[in-house]
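# Coordinate inspection notes
Okay, here's what each chain looks like letter by letter:
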Amino acid sequence: MSKLFLAIGECMVEMAPTAEGTYAMGFAGDTLNTAWYARKCLPGDWSVGYYTAVGTDKVSGEMLDFLKGSNIETDAVRKLDDRTVGLYLIQLKDGERSFAYWRSQSAARLLAADVARLDEAVSSAGLIYFSGITIAILSPEDRKTFLSSLRRARDAGAKVAFDPNLRPRLWEDAETMRKSVTEAAGLCDLVMPSFEDELAHFGDETPAVSADRYLAAGAKMVVVKNGPEDVICASAGERQTFQPDPVRDIVDTTAAGDSFNAAFLSEYLTGGEITASVSAAARLAGKVIRHRGALVDCLQSR
Ligand code: ADP
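Now for a quick tour of the structure. The shown structure was predicted, so the numbers you read here are calculated from the model rather than taken from an experiment.

## Considerations on the layout of surface pockets
- Each pocket or cavity is described by its volume, and for the largest pocket that value is around 1500 Å³.
- Surrounding the largest pocket, 46 residues form its lining, Arg167, Thr253, Thr254, Ala255 and Ala256 being those nearest its centre.
- Mapped onto the lining of the largest pocket, the elements with two or more residues apiece are β2 (12–17), α1 (30–41), β8 (96–102), α7 (195–202), α9 (256–269) and α10 (274–288).
- No other element matches the 4 residues that α9 contributes to the lining of the largest pocket.
- Partitioned by chemical class, the residues of the lining of the largest pocket number 21 nonpolar, 11 polar and 14 charged.

So, in structure tokens, the structure goes:
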């Protein structure tokens, strides 16, 4: 198996409020968060890469520098002269965070428009990781191209992991979201949903129902996260549940699921059993939620 963990999706500029009333610029995005944590968790003989599209302007360059500075490979990233990266602003009101987005014309929306480049990027990966947001931002035609490219990579031996990360506002409509996510899940070795989303948008009564639904769609294994509640790992004929250790002093649950996925996959890809993979995942997510922000340096970098 190739030792390249390749995450695919959209990294955005993040503007986060500071105590001084100004904004601090950073970079984040669900798949990028997972790549960033995977780099922290995986041993040094693994590479972590990110596939997306950016512009050729200064802020796009700064984003690539940030990725490279985090030891994430960016060689395959598409660069487009007439687009730039998406941006979101975090607003605080009475301690509650809300988000304003400028991403509808972002370069990342064209990440699957050059199929030869995409095919080449995925062909060298041992593990391809993407999310519902990755496919939500694509045109219907590019979505098909994207999933076909993943299928080819998988047929050639890559493993594919997917977090449905259901965000109806990014999709044309809720039905298209459900159909596309189900189709994507069907070609995956691992599907890693959060039950809160599945309950809200598929109406699943329990996490076990979510697991069974994705298995029926064709997923080989499903790991259902559920905040502080049990994690379910299900594959054909087998189901295990794990209780994450309780976490006190929760500060910010941003990236709980993203970091969980990274630690799970890192342990699993390097030969860990499911039990060890879930416990590494819950341990990391438990640390991340005790700090503010998406990217928390709470592991020794390798
Ligand atoms: P997401 O961020 O995708 O919504 P979840 O909220 O389901 O994901 O959380 C992912 C993982 O983070 C959980 O499986 C668990 O391991 C950990 N986690 C999240 N919230 C808590 C909590 N309140 N107490 C303990 N662990 C938590």
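Moving on from the coordinates now.
## Here's the deal with the site of the ligand
- Among the 16 residues in the neighbourhood of the ligand, the closest are listed as Ser194, Gly227, Ile250, Gly257 and Ala285.
- At a separation of 3.5 Å, an oxygen atom of the ligand approaches a polar backbone atom of Asn226.
- The contact in question runs from an oxygen atom of the ligand to an N or O atom on the backbone of Gly257, over 2.9 Å.
- Within the complex, 84% of the 560 Å² of free accessible area of the ligand lies under protein.
- Assessed atom by atom at 2 Å from the grid points, the ligand resides in the largest pocket.
- Those elements that provide at least two residues to the shell around the ligand are α9 and α10.
- Its residues assigned to classes, the shell around the ligand comprises 10 nonpolar, 4 polar and 2 charged.

## Description of the nonpolar core
- Residues Phe5, Val223, Phe260, Phe264 and Leu265 are the most contacted members of the largest nonpolar core, which totals 50 residues.
- Apart from the residues within four sequence positions on either side, Phe5 is in contact with Thr34, Ala35, Ala38, Leu42, Trp46, Ser47, Val48, Gly49, Leu127, Tyr129, Leu265 and Leu269.

## Section: the sheet that holds strand β12 (residues 221–224)
- One open sheet holds the 8 strands; their spatial order is β4-β1-β9-β10-β11-β12-β13-β14, and the pairing between them is mixed. A single partner strand is all that each edge strand has here, and the edge strands are β4 (47–51) and β14 (238–242).
- Here 5 bridges tie strand β9 (residues 127–131) to strand β10 (residues 159–163), and the two strands are oriented parallel to one another. In the strand pairing of β10, Ile128 is matched with Val160.
- Of the strands in this sheet, β1 (4–8), β4 and β9 touch helix α3 (residues 115–123), which is tilted by about 145° from β1.

Cut-offs used in this document
Residues numbered from 1 in each chain as written. Predicted model: local features only at pLDDT ≥ 70, side-chain atom pairs only at ≥ 80, totals over all residues. Heavy atoms only, no water. 1 Å grid on protein atoms, 1.4 Å probe; cavity = no way out; pocket = protein on both sides within 12 Å on 5 of 7 lines; lining within 4 Å. Points joined across faces, edges and corners; volume = space filled by probe spheres on them. Helix = DSSP H or I, 4+ residues; strand = E, 2+ residues; numbered from the N terminus. Nonpolar A, V, L, I, M, F, W, Y, C, P; charged D, E, K, R; others polar. Near = heavy atom within 4 Å. Polar contact = N/O pair within 3.5 Å; in protein donor to acceptor, adjacent residues only side chain to side chain. Areas by Shrake-Rupley, 256 points an atom, 1.4 Å probe, with all protein chains shown as cover. Sits in = over half its atoms within 2 Å of the grid points. Core = buried A, V, L, I, M, F, W, Y, C linked by side-chain atoms within 4.5 Å. Buried < 20%, exposed > 50% of the residue type's maximum accessible area, 1.4 Å probe, protein only. Contact = heavy atoms within 4.5 Å. Pairing = 2+ DSSP bridges. Axes fitted to C-alpha atoms, helices over the stretch in contact; angles between N-to-C directions.

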